[in-house]
Amino acid sequence: MTLGLKDLFYAICTEKDGVESYGLPKKLAEAMSADLSVKTATADLYADDAISESVKEFINGTLKLGVKDLTPEVLADVLGQMVDQNKVVWAGDGDEPPFLAIGFRAAKTGGRFRYIWLLKCKFELPGEKYETKGESIKFNTPDITATFYKRKKDGKWKADFVGTETETAAGTWFTEVPEPAEQIQGA
């Protein structure tokens, strides 16, 4: 159970010779919602009139973010758009969104947080909505959707940690995209 959502970051993911690496994390926006869904492939093998083997494998997932606002500069960065010397953002048919890692945290009871990094995401162009003011105030906030994939170098697609802000993993969670520790439990 989580009680909130905050600290939404992104880091540009680059790949060289099938190995992904990450730039420094940057603030994406003030987070309002994050909806993750995962797609898997399943194969069942039947023998002697019963299921003998069953395999379930991660394919990809979808991340839908509701945010307070997306600045044109951040949007240009995550969508591969051009920003000119006057800070005008130009969208065009040659734009190529980069792969990104997306990180955030959600509060839990007892002073703990659930920390998440999705390790290889690519955003789609978001829709935009504008509306005239009427007799009541209405906020129009953007949603942006990304598809996330497993990494080539190790097949990992998510880093997930529950703990307090004083624990080792939490200390650098938003200053660098985490990589597996030398000793992995349960591996």
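Heads up: the structure comes first, above all this text.
Residue numbering note: each chain is counted from 1, following its sequence as written. The predicted origin of the model limits local features to residues at a pLDDT of at least 70 and limits the giving and counting of side-chain atom pairs to 80 or more, whereas totals for whole chains, interfaces and linings rest on all residues. Hydrogens and water are ignored here; the side-chain numbers use all heavy atoms of the structure.

1. Let's talk about the overall build of the protein chain
Quick note on the threshold: Here a helix means four or more residues in a row that DSSP labels H or I, a strand means two or more in a row labelled E, and each is numbered from the N terminus. We call a residue buried when its accessible area falls under 20% of the maximum for its residue type, exposed when it is over 50%, and partly exposed in between, using a 1.4 Å probe and counting protein chains only. Every residue pair with non-hydrogen atoms within 4.5 Å of one another is taken to be in contact. What sets the accessible areas is the Shrake-Rupley method with a 1.4 Å probe; for residues, cover comes only from the shown protein chains.
On a plain count of helices and strands, the protein chain comes out with 2 helices and 11 strands. Along the protein chain, helices and strands appear, N-terminal first, in the series β-β-β-β-β-α-β-β-β-β-β-β-α. Overall size of the protein chain, expressed as C-alpha extent along the three principal axes, is 65 × 45 × 40 Å. Out of the 187 residues belonging to the protein chain, those deemed buried represent 33%. Taking all contacts inside the protein chain whose residues are at least 6 apart in sequence as the whole, residues at least 24 apart take part in 62%. Total accessible area on the protein chain is roughly 12300 Å²; 51% of this is exposed by carbon and sulfur atoms.

2. Observations concerning the environment of K150
Looking at the secondary structure, you find K150 in the loop between β10 (143-148) and β11 (158-163). Of the residues examined, K150 reaches a relative accessible area of 36% and is grouped as partly exposed. Spatially, the C-alpha atoms of K150 and A50 are 32 Å apart, while their sequence positions differ by 100 residues. Residues in contact with K150, not counting those within four places in the same chain, are E57, F58, K120, G155, K156 and W157.

3. Thoughts on the side chain of Q81
Within the secondary structure, Q81 is located in the loop between α1 (72-79) and β6 (82-83). Discounting residues that sit within four places of it in the chain, Q81 has contacts with L75, A76, V89, W90, A91, D95 and L125.

4. As for the nonpolar core
This is how the line gets drawn: Nine residue types can take part in a nonpolar core, namely buried Ala, Val, Leu, Ile, Met, Phe, Trp, Tyr and Cys, and a core is a set of them joined through side-chain atoms within 4.5 Å.
Counting residues in hydrophobic clusters, the biggest one holds 25 residues, and the most contacted among them are L8, L28, L65, L70, V78, I102 and F123. For this core, the elements supplying multiple residues, two or more each, are β1 (6-16), β3 (26-29), β5 (50-67), α1, β8 (99-107), β9 (113-123) and β10. Contacts of L8, omitting those with residues within four sequence positions, involve K26, K27, L28, A29, A31, L65, V67, I102, G103 and F104. Of all hydrophobic cores here, the second largest spans 15 residues; its members include F9, Y115, W117 and W173.

5. A look at the pattern of salt bridges
Selection criterion: The term salt bridge refers to a pairing of a side-chain nitrogen on Lys or Arg with a carboxyl oxygen on Asp or Glu at a separation within 4 Å.
Under the defined criterion, the tally for this structure stands at 15 salt bridges. Here E30 and K68 are joined by a salt bridge, their closest N and O atoms 3.5 Å apart. Taken together, the residues span a long stretch of sequence, with E30 in the loop between β3 and β4 (31-47) and K68 in the loop between β5 and α1 at a distance of 38 residues. Using a relative accessible area of 47% as the deciding quantity, one classes E30 as partly exposed. Among the ionic pairs, R151 bridges to E179, the shortest N-O distance being 3.0 Å. Of the two residues, R151 sits in the loop between β10 and β11 while E179 sits in the segment after α2 (168-171), which places them 28 residues apart along the sequence.

6. Things to note about the packing of aromatic side chains
Heads up, the condition is: Centres within 6.5 Å make a pair out of two Phe, Tyr or Trp rings, where for Trp the six-membered ring is used; the pair is then stacked when the planes are under 30 degrees apart, edge-to-face when over 60, and tilted otherwise. Counted as over-ring charges are cases with an Arg CZ or a Lys NZ within 6 Å of the ring centre that also lie within 35 degrees of the ring normal.
Counted by the stated rule, this structure contains 10 aromatic pairs. With 6.0 Å between their ring centres and 85° between their planes, F99 and Y149 make a pair best called edge-to-face. Pair noted here: F99 is in strand β8 and Y149 is in the loop between β10 and β11, with a separation of 50 residues, a long-range link. Using a relative accessible area of 31% as the deciding quantity, one classes Y149 as partly exposed. Put simply, the rings of F9, F113, Y115, F161, W173 and F174 pair up and form one aromatic cluster. Residue placement shows R105 over the ring face of F113; its charged tip is 4.0 Å from the ring centre. K122 extends its terminal NZ or CZ atom over the ring of F99, reaching a point 4.4 Å from the ring centre.

7. Topic: the pairing of β8
Walk down a regular strand and you will see the side chains alternate between the two sheet faces. We count it as follows: Note on pairing: two strands pair once DSSP finds at least 2 bridges between them.
Of all 9 residues in β8, 7 are buried; the element is thus mostly enclosed. Where β1 and β8 come together, 6 bridges link them in antiparallel fashion. Across the sheet, residue Y10 finds its bridge partner in β8, namely I102. When β8 meets β9, the two strands line up antiparallel, connected through 7 bridges.

Nothing here speaks to function; it is all geometry.
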